[in-house]
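A closer look at the structure
If you want the building blocks of each chain, they are given just below.
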Amino acid sequence: TEAIGLYNLGQSCCLNSLLQVFLMNIHFTGILRRITVPSSPMQRKNNVPYQMLLLLEKMQCGKCKAVGPTDLACCLAAHRVKLFVQHDAAQLFLTLWNLLKKQMEKPELVEELHDLYTICIQEHLACQKCSFEVKTNSTMLTLPLPVLDANSHRLKTLEECLQYFFHPEELTGQNMCFCQQCERKTTFVQSMKLVHLPQTLTLHLKRFCFERSSHTHKLSHCLPFPQELDFSEILTEDQCQADDSEKASWQYELFAVVAHSGSTSCGHYCAYIRSLTECKWYCFNDSQVCQVSWDDVKCTYGHSSLYWTETAYLLIYMKKHPQ
């Protein structure tokens, strides 16, 4: 039951932080424990779900304060995941999840994994000259939330970021779309509507800003996030495409924060995770694990003048009352 650290194999802090977030999620490990064990030694060596299960069992032996994820790292390298390099946590999270989904043999487990993490969005495109409208449903693993608005003004809270993400946008000028009904390019209004939220919801704060000069810099300004989040209170009726029973389950509690410190070229990741069995917060910093308070977690809000400070990058929320 004791929280166990993971040794840094050489710039593996991003991988370690994400593995802790996966393996501290009892809903995910419930799926992982039911995988089919590959038959041959080579298949077992290169199977990401199986190697993750072995790591979980190694961590739960309780004999060490930290263990090395060497076998899993080698398995990932066989699937072209680079080792000993700086990773972006949002991209690596997507890579790990896709490998897990691809290599789980049981269709029912793939479906459970999909349901546990994926968000369903409906994109609306409406011509402003006629009644022509296009609606497209799509799934996302994370909600990529801007931390600046279109005028580069800082968004001040997580709720503001969510409202801005779902705010309708007018497509004019070079962004106009071809209307099949008008038979020419016209002004459209593009809007996103929320259809379904998963049990484990991942929000990606877009802290890394890409400029035309191909230079990337980090946006470190303060952005508070709450312990509890109710999407039915944050979004308007026009921003939702869901029935009342779906909306009733949109109450969330913060489960984990993957935080980044340093610059874009030289940084470090750690994870703050709330134990679902003990309801205590822990900081997982590679092999070092310690119990922390909510005030410690709030230190990842960010600070305008401290660019090297620790800032939240991924926020993972869990449903308070899953259906």
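Before reading further, recall that the structure is shown in the block above.
The numbers attached to residues start from 1 for each chain and follow its sequence in the written order. Local features are withheld for residues below a pLDDT of 70 in this predicted model, meaning they are given only at 70 or higher, and side-chain atom pairs are given and counted only at 80 or more; totals for whole chains, interfaces and linings count all residues. Excluding hydrogens and water, the side-chain figures rest on all heavy atoms present in the structure.

As for the pattern of salt bridges
One speaks of a salt bridge when a side-chain nitrogen belonging to Lys or Arg is within 4 Å of a carboxyl oxygen belonging to Asp or Glu. Summed over the entire model, instances satisfying the criterion amount to four salt bridges. Lys247 serves as the salt-bridge partner of Glu237, at 3.2 Å between the closest nitrogen and oxygen. Here Lys247 lies in helix 10 (residues 244-247) and Glu237 lies in the loop between helix 9 (231-234) and helix 10, a separation of 10 residues in the sequence. To sort residues, take the accessible area from a 1.4 Å probe on protein chains only and compare it with the maximum for the residue type: under 20% means buried, over 50% means exposed, and anything in between is partly exposed. Judged by its relative accessible area of 62%, Glu237 is exposed. A relative accessible area of 13% places Lys247 in the buried class. Helical segments are the DSSP runs of H or I of at least four residues, strand segments are the runs of E of at least two, and each set is numbered from the N terminus.

A look at the packing of helix 4 (residues 48-59) against helix 6 (residues 89-103)
Every axis in this analysis is a line fitted to C-alpha atoms, fitted for helices over the stretch in contact. Angles between the N-to-C directions lie between 0 and 180 degrees. Viewed as axis vectors pointing N to C, helix 4 and helix 6 meet at an angle of 110 degrees, and their least axial separation amounts to 8 Å. With respect to helix 6, the axis of helix 4 lies roughly perpendicular. Contacts between helix 4 and helix 6 involve Val48, Pro49 and Met52 on the former and, on the latter, Leu99, Leu100 and Gln103. Broken down by class, the residue content of the contact of helix 4 with helix 6 amounts to five nonpolar, one polar and no charged. Oblique is the label for any angle not under 35 degrees, not over 145, and not in the 65 to 115 range, which are roughly parallel, roughly antiparallel and roughly perpendicular in turn. Contact definition: two residues touch when any of their heavy atoms are within 4.5 Å. Each residue is assigned to one of three groups, with Ala, Val, Leu, Ile, Met, Phe, Trp, Tyr, Cys and Pro labelled nonpolar, Asp, Glu, Lys and Arg labelled charged, and all others, Gly among them, labelled polar.

Some details on the state of the cysteines
Criterion for a disulfide: a pair of cysteine sulfur atoms within 2.5 Å. Counting across every chain of the model gives zero disulfides. Looking at the unpaired Cys130, the closest cysteine sulfur is the one in Cys179, lying at 3.6 Å. Just so you know, Cys283 is unpaired, no disulfide at all, and the nearest cysteine sulfur is the one on Cys270, 4.2 Å from it. Accessibility expressed as a relative area gives 10% for Cys283, which makes it buried.

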